[in-house]
Amino acid sequence: MIDIIRKKRDGGTLLSREIGFVAAGAASGAIPHDQLAAWLMASWLNGLNLDETRALTLAMRDSGDKFSPARLGKAAVDKHSSGGVGDKTSFLVAPLTAACGVAVPMISGRALGHTGGTLDKLESIPGYRTALSLSEFETVLMKCGCSIVSQTPTLVPSDRVLYALRDRTGTVENPGLICASILSKKLAAGLDALVLDVKTGSGAFLRTYEECEFLAALMVATSETAGTRTVALLTDMDQPLGQAAGNWIELAEAVELLRGNRPPAIEDLRELSLILAGWMIHLGGKADTPLEGYQLAEAALTDGSALAVFFKMIDAQGGDVAVFDGPAAFHKPGATRVVDAWESGVITSMDTTALGWAVQRTGAGRERAGEPVDPHAGIIFHKRRSASIEAGEPIATIFATNEAMLDEPEAILHQSIHFSKESNRGAVVPLVSSVVTREVAAKILAEAQPG
Ligand code: URA
């Protein structure tokens, strides 16, 4: 291990077997954490090239148990979103895609920092179990076509160790390390295809558009070389997606759409979910084009078949679907405050990372792994970017665990939503700014790293 650390420290390129040694040693505990941390810092500083990134992804994927969807008898396709605020597309794309005949084995994550977590949102349904064994996962998939679960202790154990170390050593933000961490978990589910939703804008995990585009290309190229058809969509996270950001309130918003309702205020959520599901259905072989996939998904939304799949999955995982009979009655936050606009004008920008922290401070999220979250906390944003608003009109409603926890989120809202007196609404930001296929990815990578 000392030789491998020295080689990376001095700018060398590691061989696949050297990277395999690191991933296996991280998983088994054979390599001490101080050496792993030194290797992570050397890799962060000198970077991992395409071959090293691919080798790390595959070695991490193979470091523990894997799921095989072979017995499902249909293509298995998943989606990964790179965080964000109010991003509840999983609750729509999983049942939409499953209703169109493509299996969705979805292994999801928890809230951390300014981004929410699919598992925490689902656990706001009384009884819903996210920690299924791989055989239970298979049973739910066979019965319902989709299942949303947490990572098991034995699935990609190397990432469990390396991610915790990266978190503690300032080595998270590196494209090769991020790519290997995300893809190893997705590829361990034996997917035929994968759709990546890479967020851009003020709420994105990476700061600049170029960094997001490079990461998207790296993940597409790496996943494709691992044998999984992959496409990445660069999507807007310059404002929360939909109106709700929290746990239960996000599920309630998704179910509103699954019921076939179409409130104009959450049209962005509907549209992005249909686009993502369209790609999943296309890559899963059930539609000739992503547009045809979109149309099939839209039909499953309108005829109620996706809602039926979603409720069946919740029931199969122990959740009480009766809570959706009266979503508003079930919602019992500790404290509620309506925040009125503090000036009149047009909303020109929303610092979405800061808004994510406001949501976290209501009690809906966590600062450190392992902390509990409040299922009923969160924020509903009544107004969006480019909207006109009069002072005194409601701009947001905050639901917090208790009265004392209302002030900080409100103060953050004041700092992060900006107005202009001009009638200029700013540039129109497209929901999907780019589609990175394997061909596009190859071009981006060639331009970024000549030779
Ligand atoms: N999510 C992950 O799972 N890993 C990363 O490195 C970053 C985000």
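Structure: see above.
Residues numbered from 1 in each chain as written. Predicted model: local features only at pLDDT ≥ 70, side-chain atom pairs only at ≥ 80, totals over all residues. Heavy atoms only, no water.

(A) Fine view of the site of the ligand. The environment of the ligand is made up of Y163, R166, I178, S181, I182, K185 and F205. Taking R166, its side chain carries an N or O atom lying 2.8 Å from an oxygen atom of the ligand. The side chain of S181 places a nitrogen or oxygen atom 2.7 Å from a nitrogen atom of the ligand. The greatest single-element share of the shell around the ligand, amounting to four residues, is contributed by helix α9 (residues 175-187). In the shell around the ligand, the residues fall into four nonpolar, one polar and two charged. (Near = heavy atom within 4 Å. Polar contact = N/O pair within 3.5 Å; in protein donor to acceptor, adjacent residues only side chain to side chain. Helix = DSSP H or I, 4+ residues; strand = E, 2+ residues; numbered from the N terminus. Nonpolar A, V, L, I, M, F, W, Y, C, P; charged D, E, K, R; others polar.)

(B) Quick look at the sheet that holds strand β5 (residues 229-236). Read across the sheet, four strands follow the order β1-β4-β5-β13 without closing on themselves; strand pairing throughout is mixed. With one partner strand each, in any of the chains shown, β1 (77-81) and β13 (432-436) form the two edges of the open sheet. Pairs of neighbouring strands in the sheet enclose a mean axial angle of 15 degrees, with direction left out of account. Bridge analysis of β5 against β13 gives four bridges, and the strand direction is antiparallel. Looking at β13, one finds that L234 is bridged to S434. The sheet strands contacting helix α12 (residues 267-283) are β1, β4 (193-200), β5 and β13, and the helix crosses β4 at an angle near 155 degrees. (Pairing = 2+ DSSP bridges. Axes fitted to C-alpha atoms, helices over the stretch in contact; angles between N-to-C directions. Contact = heavy atoms within 4.5 Å.)

(C) Inspection of the packing of aromatic side chains at higher detail. Evaluation of the coordinates by the stated rule reveals six aromatic pairs. Ring centres of F91 and F310 lie 6.2 Å apart, and the angle between their planes is 45 degrees; on these two criteria the pair is classed as tilted. Of this pair, F91 sits in helix α5 (residues 90-99) while F310 sits in helix α14 (residues 305-316), and the two are 219 residues apart along the sequence. Residue F91 is classed as buried on the basis of its relative accessible area of 1%. Note on W342 and F419: the rings are 5.5 Å apart at their centroids and 90 degrees apart in plane angle, and the pair reads as edge-to-face. With W342 in the loop between β7 (335-340) and β8 (345-350) and F419 in strand β12 (residues 417-420), this pair connects stretches of sequence that are 77 residues apart. Taken together, the aromatic side chains of W248, F311, F324 and F330 make up a single cluster linked through ring pairs. (Phe/Tyr/Trp six-rings, centres within 6.5 Å; stacked < 30°, edge-to-face > 60°. Buried < 20%, exposed > 50% of the residue type's maximum accessible area, 1.4 Å probe, protein only.)

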